[in-house]
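# Residue-level structural notes
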Amino acid sequence: MNILELRRAAGPGLIFAGSAIGVSHLVQSTRAGAMYGLALVGVIILINLLKYPAFRFGVDYAHSTGKTLIGGYRELAPWLLVIYAGVALLIAPIGGAAVSATTAAILGAITGTDLSFVVLVIGTLVGTVTFLLIGGYRWLERISALLVVFLALATFAAAAIALPNVDWGSAVNVEWSLDVAALLFVIALAGFMPTSMGQSVDISLWTLKSQEDAAPGERLSIGATRKGFLAAYGLTSALAVCFCIMGAGVMHSAQITPESGAAEFASQIVGLYSETLGPVPAFFAGIAAFFVMATTMAGAFDGIARGYGALYQEYRGNIGGTASRGNYAFFLIITALMSLAVLALLLESFTTFIDLVTSIYFLLTPTTALLNHLVVTRCNMDDVDRPDTKTRLLSLCGICVMTAMSVMFFVLKAV
């Protein structure tokens, strides 16, 4: 596969990476490093590994059938579509609110503006919606490719500078496994690591969109598409570890507790980098943080709007169909308004809000992963495009582990 083919194959994956590297990385991974040093690095790597098959199945099914995963759910059982629609309508605005709050907080921290948090949130929402309405998928793909490369370089640089301050002994500390609060945090961490499982549907939508204008002879093979997604997914996992290192090197080493407010937490990260490591690392950290959230917002809202549009097409009988431009614009604006309403109702304590959001998403993860597994093993698709035995076993292992963690969540809450 030449460079041009790799670039085309990586398009949907880069959008995924841009949208994934957000709340899970900047907030949760940084907090993991700040509170526990490197103790949770192994957990972060394991979560990324176990979730990989469920995300990649979105690529497999879309490439093989020309339909979204939503169409696959309908093929499994029509009533699943009703449940999926109800869950999506309930939780998607909560996810949108989480990324909007984080983006606005980072913007305020790096600019030092006196504008209120509400104004910053509205500004980021208007900017994101306008960008997506004007540029659509092609702009999102191109800007994601550019910004993901930039934020990767900035994050790697900031993490490398933080390394000398890391307490390496914390990597073998397992005391957290006996602490209820720590275990609940791990579940919250897993919820958005590398992102919510619902974005497997988005990956299927972006895969279809990337192939929309390709001539039959120019269509990439499923092997090339998988390699492109794997490269992007590997990058998101590596950056999650980097943000944990940054939290461990800057905050844990100085025994600094993360702030609970959105703006305060963002300002704390940027300020601590400036005080501890100097203005150059602080510049890298601040810029990387902003671009992390800018790409996350764009990818998240695009995925939500396309998902709602696909559900609407299913309702109209267009099985496996995607949103028209008019449907996309309508659902994009509605999602922004609903996210703003959620923020107005729920955002009192930022870290508590994020933990709530990520925990909800994690509790839905085993079910979504199981549905994706059933789609690529039971639905109508070419046998040569189905996952191999190793990938299926890893998928089943992930489903079992995530189910066990979900059960543990309710047990710990009852203690």
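An account of the accompanying structure is given in this report.

### Structural notes on the packing of aromatic side chains
Applying the stated criterion across every chain yields a total of 13 aromatic pairs. Taken together, a centroid distance of 5.2 Å and an interplanar angle of 70 degrees make the contact between Phe330 and Phe331 edge-to-face. The class of Phe330 is partly exposed, set by a relative accessible area of 49%. The class of Phe331 is buried, set by a relative accessible area of 15%. Over the face of the ring belonging to Tyr328 we find Arg306, whose NZ or CZ atom lies 4.5 Å from the ring centre.

### Brief notes about the layout of surface pockets
The calculated volume of the largest pocket comes to roughly 670 Å³. Looking at the largest pocket, it is lined by 38 residues, and the ones nearest its centre are Tyr84, Ile91, Gly198, Gln199 and Tyr361. At the level of secondary structure, the elements contributing two or more residues to the lining of the largest pocket comprise helix H1 (3–20), helix H2 (23–36), helix H5 (78–111), helix H8 (199–210), helix H11 (279–315) and helix H13 (350–378). The element contributing the most residues to the lining of the largest pocket is H5, with ten residues. Considered class by class, the residues forming the lining of the largest pocket number 22 nonpolar, 15 polar and one charged.

### Quick notes on the environment of Ser64
Relative to the assigned elements, Ser64 resides in helix H3 (residues 41–65). Taking the C-alpha atoms as reference, Ser64 lies 9.4 Å from Asp383; in sequence the two are 319 residues apart. With sequence-adjacent residues up to four places away left out, Ser64 is seen in contact with Met381, Asp382 and Asp385. Within the structure, Ser64 has its side chain in polar contact with the backbone nitrogen of Asp382 (distance 3.4 Å).

### Focus: the nonpolar core
Among the nonpolar cores identified, the biggest contains 107 residues, and Phe16, Leu40, Trp176, Phe229 and Phe301 are the most heavily contacted of them. It is helix H6 (residues 117–162) that provides the largest number of residues to this core, a total of 13 residues. Discounting chain neighbours no more than four positions away, the residues touching Phe301 are Gly96, Val99, Ser100, Leu125, Thr128, Leu132, Leu332, Thr335, Ala336 and Ser339.

### Some points on H5
An α-helical segment advances 3.6 residues per turn. Residues three or four places apart therefore align on the same side. Over its 34 residues, H5 extends 49 Å from the first C-alpha to the last, a length consistent with the 50 Å expected when each residue adds 1.5 Å. The largest bend in H5 is about 30 degrees, located at Leu89, with the proline Pro93 one to four residues further on. Downstream of H5 by a residue or two, Gly112 has a phi angle that is positive, lying close to 65 degrees.

### What about the side chain of Arg386?
Among the structural elements, Arg386 can be located in the loop between H13 and helix H14 (389–414). A polar side-chain atom of Arg386 sits 2.9 Å from the main-chain carbonyl oxygen of Cys379. Within the structure, Arg386 has its side chain in polar contact with the side chain of Asp383 (distance 3.0 Å).

### Structural notes on the pattern of salt bridges
Going through the model one piece at a time under the given rule, you end up with five salt bridges. Residues Glu75 and Lys67 are paired through a salt bridge, measuring 3.5 Å at the closest nitrogen-oxygen approach. A salt bridge links Arg386 to Asp383, with the shortest nitrogen-to-oxygen separation between them at 3.0 Å. Residue classification places Asp383 among the exposed positions, given a relative accessible area of 62%. Among the ionic contacts, a cluster of salt bridges with common partners joins Arg56, Asp60 and Arg226.

### What to know about the side chain of His373
Residue position: His373 is located in helix H13. Those residues in contact with His373, other than ones at most four positions away along the chain, are Phe57, Arg392, Ser395, Leu396 and Ile399.

### Overview of the packing of helix H7 (residues 180–191) against H14
At a minimum axis distance of 10 Å, the contact between H7 and H14 shows a crossing angle of 140 degrees. Between H7 and H14, the angle falls in the class oblique. Note that H7 runs across H14; the crossing there is left-handed. Between H7, through Val180, Leu183, Leu184, Val186, Ile187 and Ala190, and H14, the contact on the second element is made entirely by Met405, Met408, Phe409, Leu412 and Lys413. Residue composition of the contact of H7 with H14, grouped by class: ten nonpolar, no polar and one charged.

### What about the environment of Ser200?
Of note, Ser200 is situated in helix H8. Relative accessible area serves as the criterion here: at 0%, Ser200 is assigned to the buried category. The spacing of Ser200 and Gly58 is 142 residues in sequence and 5.3 Å in space, taken between C-alpha atoms. Once you skip the residues sitting within four places of it in the chain, Ser200 turns out to touch Ala54, Phe55, Gly58, Leu69, Tyr73, Thr368 and Asn372.

### Regarding the packing of helix H4 (residues 69–76) against H5
Contact geometry of H4 with H5 gives a least axis separation of 5 Å together with a crossing angle of 135 degrees. Here H5 runs oblique to H4, going by the angle between their axes. Contacts between H4 and H5 pair Ile70, Tyr73, Arg74 and Leu76 from the former with Pro78, Leu80, Leu81 and Tyr84 from the latter. Across the contact of H4 with H5, the residue classes break down as seven nonpolar, no polar and one charged.

### Remarks on H7
Spanning twelve residues, H7 covers 17 Å between terminal C-alpha atoms, matching the ideal 16 Å at 1.5 Å per step. Of all the twelve residues making up H7, ten are buried; the element is thus mostly covered by neighbouring parts of the structure. Taken residue by residue, H7 has Ala182, Leu183, Leu184, Phe185, Val186, Ile187, Ala188, Leu189, Ala190 and Gly191 as its buried positions.

What counts and how
Position numbers for residues count from 1 along each chain, tracking the sequence in the order it is written. Whole-chain, interface and lining totals are the exception, using all residues; otherwise, since this is a predicted model, local features are given only for residues with pLDDT of at least 70 and side-chain atom pairs are given and counted only at 80 or more. Heavy atoms throughout the structure, all of them, feed into the side-chain values; hydrogens and water do not. The criterion for an aromatic pair is that two Phe, Tyr or Trp rings (for Trp, the six-membered ring) have centres within 6.5 Å, with stacked assigned to planes under 30 degrees apart, edge-to-face to planes over 60 apart and tilted to the rest. Relative accessibility decides the category of a residue: with a 1.4 Å probe and only protein chains considered, values under 20% of the type maximum give buried, values over 50% give exposed, and everything between is partly exposed. Geometrically, a lysine NZ or arginine CZ counts as sitting over a ring once it is within 6 Å of the ring centre and also within 35 degrees of the ring normal. Buried and open spaces are told apart on a 1 Å grid over the protein atoms alone, a cavity being a set of points where a 1.4 Å probe fits but cannot get out and a pocket being an open set with protein on both sides within 12 Å along at least five of seven lines. Residues with an atom within 4 Å of a point are the lining residues. Grid points are joined across faces, edges and corners, and a volume is the space filled by probe spheres set on the points. Elements are defined by DSSP. Helices are runs of H or I of four residues or more, strands are runs of E of two residues or more, and each kind is numbered from the N terminus. All amino acids are sorted into three groups, where Ala, Val, Leu, Ile, Met, Phe, Trp, Tyr, Cys and Pro are nonpolar, Asp, Glu, Lys and Arg are charged, and the leftover types, Gly among them, are polar. Throughout, a contact is declared for two residues whenever any of their heavy atoms are within 4.5 Å. In the analysis that follows, any N or O atom pair within 3.5 Å is treated as a polar contact, provided that within protein one partner can donate a hydrogen and the other can accept it, and provided that, for residues neighboring in sequence, both atoms belong to side chains. The criterion is simple. A nonpolar core is a set of buried Ala, Val, Leu, Ile, Met, Phe, Trp, Tyr and Cys residues joined through side-chain atoms within 4.5 Å. To estimate how far a helix should extend, the number of its residues minus one is multiplied by 1.5 Å. Two axes enter the definition of the bend at a residue: one is fitted to the seven residues ending there, the other to the seven starting there, and the bend is the angle between them. Salt bridges, as used here, are contacts in which a Lys or Arg side-chain nitrogen is within 4 Å of a carboxyl oxygen on Asp or Glu. Simply put, an axis is a line fit to the C-alpha atoms, just over the touching stretch for a helix, and the angle between two N-to-C directions goes from 0 to 180 degrees. Angle categories: roughly parallel below 35 degrees, roughly antiparallel above 145, roughly perpendicular from 65 to 115, and oblique for all the rest. The sense of a crossing depends on the near helix, which, turned anticlockwise from the far helix by less than a right angle, makes the crossing left-handed and, turned clockwise, makes it right-handed.

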